[in-house]
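Structure at a glance
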Amino acid sequence: MKKGFVALIGAGPGDKGLLTVKAAEMLAKAEVVVYDRLVSDDILKLIPPNAQKINVGKENKHHPVKQEEINEILLQKALEGYFVIRLKGGDPFVFGRGGEELELLIENNVQYEVVPGITSAIAAPCYAGIPATHRDYCSSFHIITGHAKAGGELAIPFRALAELKGTLVFLMGISSLQYIMDGLMEAGFNKNTPAAIVENGTRQNQRKLIATVGTLEQQAKDKQIKSPAVIVVGEVCKLSNSFDWFMNKPLFGKKVLVTRPKAALGTIAQKLYEQGAETIEYPCIEVISIQNNESFYNACKHLNEYGWILFTSKNGVDIFFDYLKSKRLDARAIANVKIAAVGRQTEKALEERGIFCDFTPEIFDGEHLAKGIAKLLKKNEKVLICDGLKASDDIVNVFNENNIEFDRVHLYDTLYTSENNEMVKELIYKGELKYVTFTSASTVEGFVKSMGDIDTHSLTAICIGNQTAKAAKRYNINYVVSDEATIESMIDKLVEVSKG
Ligand code: SAH
């Protein structure tokens, strides 16, 4: 029988970039993942799809899964022979009951490892511009729990803390905030000592509150601060505004809907993340290649007889060349053919296949492509158009007007999907979502179809080019167009509009 194994892993405070390399490598191999309430959604997305996920952080009428029960689950799954990951927020040994979870495993001779994580006690202040220490202000920092063990009493040695003069970081302290602040003042802390709270530290919904020991409790009430949050006390809190690198990111606090097919979501979502935005991935279209595509397969038997082949998207390029490869046809199959494409992505996809385009129009649309080709075409040259089933007839119309001989093969179809559309509708309705990105006319179509008759006037769409913008205009969506047809340029445009 396969021997089970448990890795007790710290998932960090929320930002997916703060997961350690070792944790990510182990997570990728997980067969069972047992996780907590504090593990962020961004990290949960990294769990392999086939792994069994067990949420032990779910509070059922305020009764979380009991510690003994969690220990039992870990043991059970390990004994069944699985590679088990116990994923915990922050660091597993910093108020994480990591030790308790290991005891039963050790008793039963289960192999285990512990992977430290970045603790919220340091990372949350850091993301709020508060360094744990600074030579000018303190020479130590202390992490203290603000939560008593069940049945016990919270006993914080306030006098000792006052003597240490270090930075104090309280975890699990929001419900005893008043007790903590009063205790500090009674022990001799000046009521004007700087103090701060960082809620949802390192996440896109992070909030921070900078006050003093005397005013923190009232201000936290006013702002309805909730757990998870860390409380920081000490002179270093004064530095927050000068070092506030995270919340000053250009798109911090902005929710952006990204509407690409699943496989293509990654790049744009990553770039938005780097700028601090909260991305909502909404793959409202799906591209599928057409099966039993006889007209395409026939064309592939005599490709060298065409003068030109035209591609209108990266999807077309990929399907075309993947098919050639499956038939053991190589570059020589199109050795004498000139190649034209619309759009930078299409051009790039061709370059990846070792082909530099002979022609791309200045304006990225079918009509300009066709008109350009019409001028370049030699006598008796025939054209092969490779596009999608829902593509417009712009190219065909120009060719017909100019008596150009052509074959047209559709390589893929675009399907519209509307998974999670209720969640998106609600965000629009509440006014929480202001921006949506469109990287093709079909994403506009997919989005509009999935939204039904909801009013989308509060949204601004960032469109990758004129064709996409035209589609947005057709549906009365407010839009701006990126200066160049690239993801980078779209993000620049979004930053520009979001500044207002
Ligand atoms: N092992 C965790 C701490 C677990 S105790 C760690 O090392 O971070 C739970 C407490 O951690 C919460 O009550 C809160 O005080 C703090 N916490 C965890 N994640 C946080 C976050 N993203 N932002 C602010 N505080 C957080």
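Every chain is numbered independently, its residues counted from 1 as its sequence is written. Whole-chain, interface and lining totals are the exception, using all residues; otherwise, since this is a predicted model, local features are given only for residues with pLDDT of at least 70 and side-chain atom pairs are given and counted only at 80 or more. Derived side-chain values reflect all non-hydrogen atoms in the structure, with water molecules and hydrogen atoms excluded from consideration.

Next up on the list: a negative patch on the surface. A cluster of like negative charges, contributed by Glu68, Glu69, Glu100, Glu103 and Glu107, occupies part of the molecular surface. Helix numbering and strand numbering both begin at the N terminus, where a helix is a DSSP run of H or I of at least 4 residues and a strand a DSSP run of E of at least 2. Counting residues per element, the ones that place at least two in the negative patch are helix 3 (67-79) and helix 4 (98-107). Element by element, the count of residues in the negative patch is highest for helix 4, at three residues. Mapping Glu69 onto the fold places it in helix 3. Burial status follows relative accessibility: with a 1.4 Å probe on protein chains alone, a residue under 20% of its type maximum counts as buried, one over 50% as exposed, and anything between as partly exposed. Accessibility expressed as a relative area gives 44% for Glu69, which makes it partly exposed. Patches were defined on residues exceeding 30% relative accessible area and lacking a salt bridge, with like-charge contacts within 9 Å and nonpolar side-chain contacts (Val, Leu, Ile, Met, Phe, Trp, Tyr) within 5 Å. In short, Shrake-Rupley with a 1.4 Å probe defines the accessible areas, and a residue's cover is counted only from the protein chains shown. Between Lys or Arg on one side and Asp or Glu on the other, a salt bridge is scored when a side-chain nitrogen of the former is within 4 Å of a carboxyl oxygen of the latter. Counting rule for charge: Lys and Arg are taken as positive, Asp and Glu as negative, and neither His nor the chain ends is counted. Where a charge lies is defined by one atom per residue type, namely NZ (Lys), CZ (Arg), CG (Asp) and CD (Glu).

Split into domains, the protein chain comes out as domain 1 (5-118), domain 2 (122-243), domain 3 (255-284 + 417-498) and domain 4 (288-414). Between the C-alpha centres of domain 2 and domain 4 there is a distance of 63 Å. Reported domain spans reflect what an automatic or database domain assignment gives.

DSSP-based pairing: two strands are paired if at least 2 bridges between them are found. Strands sit in the order 6-7-10-8-9 across an open sheet of five strands; the sheet is mixed. Two strands lie at the open edges of the sheet, namely strand 6 (141-145) and strand 9 (207-212), each paired on one side alone. Neighbour to neighbour, the strand axes of the sheet diverge by 20° on average, direction disregarded. Across five bridges, the pairing between strand 8 (residues 194-199) and strand 10 (residues 229-233) is antiparallel. From the neighbouring strand, Ala195 faces strand 10, where its bridge partner is Val233. Contacts were defined at the residue level, with two residues in contact if any of their heavy atoms lie within 4.5 Å. The convention used is that axes are lines fitted to C-alpha atoms, helices contributing only their stretch in contact, and that angles between N-to-C directions extend from 0 to 180 degrees. Here helix 5 (residues 120-127) sits on the sheet and contacts strand 6, strand 7 (167-171), strand 8 and strand 10; the angle it forms with strand 10, its principal contact strand, is near 80°. The sheet contacts of helix 7 (residues 177-186) involve strand 7, strand 8 and strand 10, and relative to strand 10 the element is tilted by about 10°.

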